[in-house]
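# Overview (structure and organization)
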Protein chains: 2
Amino acid sequence: METMSENRAFGGVQGVYNHLSQTTRCEMTFGLFLPEEARDGPVPLLWYLSGLTCTHENAMVKAGAQAWAAEQGIAVVFPDTSPRGEKVADDDAYDLGKGAGFYLNATQKPWAPHYQMWDYIAEDLPSLLQERFPLDMTRQSITGHSMGGHGALTLAMSLPGRYRSVSAFAPITNPTATDWGRKQFSAYLGNDESTWAAHDSSLLMRERGFDGPILVDTGTDDQFIDLLRPEALAAAAAERRQQATLRLQKGYDHSYFFVSTFMEDHVAFHAEALYAD
Amino acid sequence: METMSENRAFGGVQGVYNHLSQTTRCEMTFGLFLPEEARDGPVPLLWYLSGLTCTHENAMVKAGAQAWAAEQGIAVVFPDTSPRGEKVADDDAYDLGKGAGFYLNATQKPWAPHYQMWDYIAEDLPSLLQERFPLDMTRQSITGHSMGGHGALTLAMSLPGRYRSVSAFAPITNPTATDWGRKQFSAYLGNDESTWAAHDSSLLMRERGFDGPILVDTGTDDQFIDLLRPEALAAAAAERRQQATLRLQKGYDHSYFFVSTFMEDHVAFHAEALYAD
């Protein structure tokens, strides 16, 4: 693991690190904010999964998470959204290939050799973080934006016991039913739609739910709201009687201005779960 | 004036606008955050001047000012750092020409026709803002980062009565003595160094001072600290017995992680002055 940069921020350190991933088989970059408390021992960890076109950097510099994480004494990790490098397959479209890993393990050519983002987030990166940083891996929560909200919700429901709470900003909640999902699942997973269900949080909600609190914010003026389908997750959560707070925020859109506005709420929400014994 | 974008943020609106400036004689873009209170009437205005290489956008998306401005009911304007466009003179160096206007009126070729950033910030943009937005122009304060901190300090001391308070993050405080100043003043103002003094906040501090509170933060690990010379401003302020809080922040560097860390302090500092009657 190589340190790309470390900047003092809010009493802690915002670092950027690079490592060779065994799952994506390429160099991966991630950001990690460690609060001041990490000097004295392990701290809880919040995962922030980013959306389409983003790298590890966008949320790290634009989402305003560090201020609130510092206040709560929580670390935040900002992984990349896909494998990277010249040997990695790509597509001209912004929503397929690099920057659009969709947090799944691809089984189809030409994607399968590197597009293993599920295993990267669920196994590879946690192992590295546990080994190299003062993190209490028994206290993890997860959030994300748009495609990253999809990743947060599907990982949380599929790995019971891993995350104490899950939240999302404008998540893609029903990708098997929209163009932000069907196109990518066809490419990455193939045409057998039965393999897609494990990556649709509205379907997972009906089948499994989540053993903990859920918080989801979506803007009423989100320009992509027809692709996000917050109503699908809302219906599934209601049918399941899932503990959840699903909010529609008047006038907000899909941007980081929306994300940063509600970041304080989300970090406080996770802190409550992370510090419950 | 043309609206480029408007995003709901922290209960208010983060807008980006374009207009033809009479002083820089080109199209200029600026960001303006209006808090929720602006719907009901004029609100105080905080100027944020950005540093070298920045546009109106960097601080708008990275400095985290909106959260605290919303809390205080204050508008924040984010001007660009130079004239723009194909007909505007430029230089290959990052610290001269576009992105490096240094908040002065150039008198030398080829810069003079467009590089009139002092008048743009002092006259042109305020007129437009007063005309088009619900702003209480009797309640203005000013801050900035690096080159923008230089701009904030020199404007505040040169326009008595205009700004109620001034602050700066890692400002260039003694440009007549360093390579972040001598090079640019030679180019923009010519070799007669007597014309430079009006743009050196340490010299202005000795000569004029500021009729109000000053807050300046600089990181002890700032990689450019030899070019900033916080000691020059500190010495001048002490000799003048100027009301001022000059802080050196342990371990912080020159980045937006530093700026965002102390933004809450700076906005609260300005709010106290802006809301004093």
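Residues numbered from 1 in each chain as written. Chains lettered and ligands numbered in written order. Predicted model: local features only at pLDDT ≥ 70, side-chain atom pairs only at ≥ 80, totals over all residues. Heavy atoms only, no water.

Under an unreviewed UniProt entry, the name given to chain A is S-formylglutathione hydrolase, and the source organism is Shimia abyssi. Under the UniProt heading Function (unreviewed entry), the entry covering chain A gives this text: "Serine hydrolase involved in the detoxification of formaldehyde." Its UniProt record, at the heading Catalytic activity (unreviewed entry), says of chain A: "S-formylglutathione + H2O = formate + glutathione + H(+)". (UniProt positions renumbered as here; feature names shortened; annotations may be inferred.)

Counting secondary structure elements, chain A contains nine helices and nine strands. In terms of C-alpha radius of gyration, chain A reaches 17 Å, essentially the compact-globule figure of 19 Å for 277 residues. The dimensions of chain A, computed from C-alpha atoms along their principal axes, are 50 × 45 × 35 Å. Burial analysis of chain A (277 residues in total) assigns 63% to the buried set. As displayed, chain A offers around 10,500 Å² of accessible surface, 46% of which is attributable to carbon and sulfur atoms. (Helix = DSSP H or I, 4+ residues; strand = E, 2+ residues; numbered from the N terminus. Rg over C-alpha atoms; globule rule 2.2 N^0.38 Å. Buried < 20%, exposed > 50% of the residue type's maximum accessible area, 1.4 Å probe, protein only. Areas by Shrake-Rupley, 256 points an atom, 1.4 Å probe, with all protein chains shown as cover.)

Across the boundary between the two partners, chain B contributes 21 residues, which contact 21 residues of chain A. Counting each side, the surface lost to burial between chain B and chain A is near 1,700 Å², with a carbon and sulfur contribution of 62%. When residues of chain B are sorted by the area they lose upon contact with chain A, R8, F10 and F257 of chain B head the list and together hold 39% of the total. Taken together, the links from chain B to chain A amount to zero salt bridges. Here chain B is connected to chain A by 10 residue pairs in polar contact (both at pLDDT 80 or more). When contributions to the side of chain B that touches chain A are tallied by element, the ones reaching two or more residues are β1 (2-9), α1 (57-62), α2 (65-72) and α9 (256-275) of chain B. (Contact = heavy atoms within 4.5 Å. Buried area = accessible area lost by both parts, 1.4 Å probe. Salt bridge = Lys/Arg side-chain N within 4 Å of Asp/Glu carboxyl O. Polar contact = N/O pair within 3.5 Å; in protein donor to acceptor, adjacent residues only side chain to side chain.)

The next point concerns the pattern of salt bridges. All names here are of chain A. Across all of its chains, the model carries 21 salt bridges over all chains by this definition. Between E193 and R182 there is a salt bridge; the shortest N-O distance is 2.8 Å. Here E193 is found in the loop between α5 (182-189) and α6 (201-207), whereas its partner R182 is found in helix α5, with 11 residues between them in sequence. The exposure class assigned to R182 is partly exposed, which follows from its relative accessible area of 32%. Where salt bridges share partners, they join D217, R247 and D265 into one cluster.

We now examine the UniProt feature "active site" (unreviewed entry) in chain A. Residues and elements named next belong to chain A. The positions that UniProt labels "active site" (unreviewed entry) are, in the present scheme, S146, D222 and H254. In three dimensions, the annotated residues from a span of 109 residues occupy one location, with a maximal C-alpha spread of 10.7 Å. Apart from the residues within four sequence positions on either side, S146 is in contact with G51, F169, A170, P171, I172, W180, L228 and H254. Inspection of the secondary structure assignment puts D222 in the loop between β8 (214-219) and α7 (225-228).

Secondary-structure assignment places C26 of chain A in the loop between β2 (12-20) and β3 (27-34). Residue C26 of chain A is classed as buried on the basis of its relative accessible area of 1%.

Before going further, it helps to examine the relation of the copies chain B and chain A. Overlaying chain B on chain A yields an RMSD of 0.0 Å, the required transformation being a rotation through 180 degrees with an accompanying axial translation of 0.0 Å. Those values place the two copies in the arrangement expected of a two-fold rotation axis. Proximity to the rotation axis, assessed at the C-alpha, singles out K62 of chain B in chain B; its C-alpha lies 2.6 Å from the axis. (Least-squares fit on C-alpha atoms with pLDDT ≥ 70 in both.)

Moving residue by residue along a regular strand, the side chains alternate between the two faces of the sheet. Residues and elements named next belong to chain A. Across the six residues of β8, six count as buried, placing the element largely inside the fold. Where strand β7 (residues 166-169) meets β8, four bridges bridge the pair, whose relative direction is parallel. Its bridge partner being in β8, S167 is matched across the sheet by L215. As paired strands, β8 and strand β9 (residues 245-249) are joined by five bridges and run parallel to one another. Looking at β9, one finds that D217 is bridged to R247. (Pairing = 2+ DSSP bridges.)

Counting 185 residues, the largest nonpolar core has L129 of chain A together with L129 of chain B as the members making the most contacts within it. Filtering out sequence-adjacent residues up to four positions away, L129 of chain B remains in contact with F30, L32, L45, W47, V77, L135 and M137 of chain B. (Core = buried A, V, L, I, M, F, W, Y, C linked by side-chain atoms within 4.5 Å.)

This next bit is on the pairing of β1 of chain B. Residues and elements named next belong to chain B. The pairing of β1 with strand β2 (residues 12-20) spans seven bridges and is antiparallel. If you follow S5 over to β2, its bridge partner there is V16. Counting the residues in the hairpin turn of β1 and β2 gives two residues, including F10, whose phi is positive at 50 degrees.

In this section: the side chain of S201 of chain A. Residue and element names in this part refer to chain A. Examined against the element boundaries, S201 turns out to sit in helix α6. Its relative accessible area of 0% is what places S201 among the buried residues. With near-sequence residues (within four places) excluded, S201 lies in contact with L153, T154, M157, I172, T173 and L233.

Now for the environment of S260 of chain A. Within the secondary structure, S260 of chain A sits in helix α9 (residues 256-274). Here S260 of chain A falls in the buried class, since its relative accessible area comes to 12%. Spatially, the C-alpha atom of S260 of chain A lies 9.8 Å from that of F169 of chain A, the residues being 91 residues apart in sequence. Each residue touching S260 of chain A, except ones within four places of it in the same chain, is listed here: K62 and A63 of chain A together with F10 of chain B.

All right, on to the packing of aromatic side chains then. Residue and element names in this part refer to chain A. The tally for this structure, following the rule as stated, stands at 29 aromatic pairs over all chains. Measuring from centroid to centroid gives 6.3 Å for F169 and F258, while their planes differ by 85 degrees, and the two rings are edge-to-face. Pair noted here: F169 is in strand β7 and F258 is in helix α9, with a separation of 89 residues, a long-range link. There is no split in this pair, since F169 and F258 are both buried. A centroid spacing of 4.8 Å and a plane angle of 35 degrees characterise the contact between W180 and F224, whose relative ring orientation is tilted. In this pair, W180 sits in the loop between β7 and α5 while F224 sits in the loop between β8 and α7, placing the two residues 44 residues apart along the sequence. Within the aromatic cluster, the residues linked to one another by ring pairs are F169, Y252, F258 and F262. A cation over a ring is seen here: R162 above Y163, with NZ or CZ 6.0 Å from the ring centre. (Phe/Tyr/Trp six-rings, centres within 6.5 Å; stacked < 30°, edge-to-face > 60°. Lys NZ or Arg CZ within 6 Å of the ring centre and 35° of its normal.)

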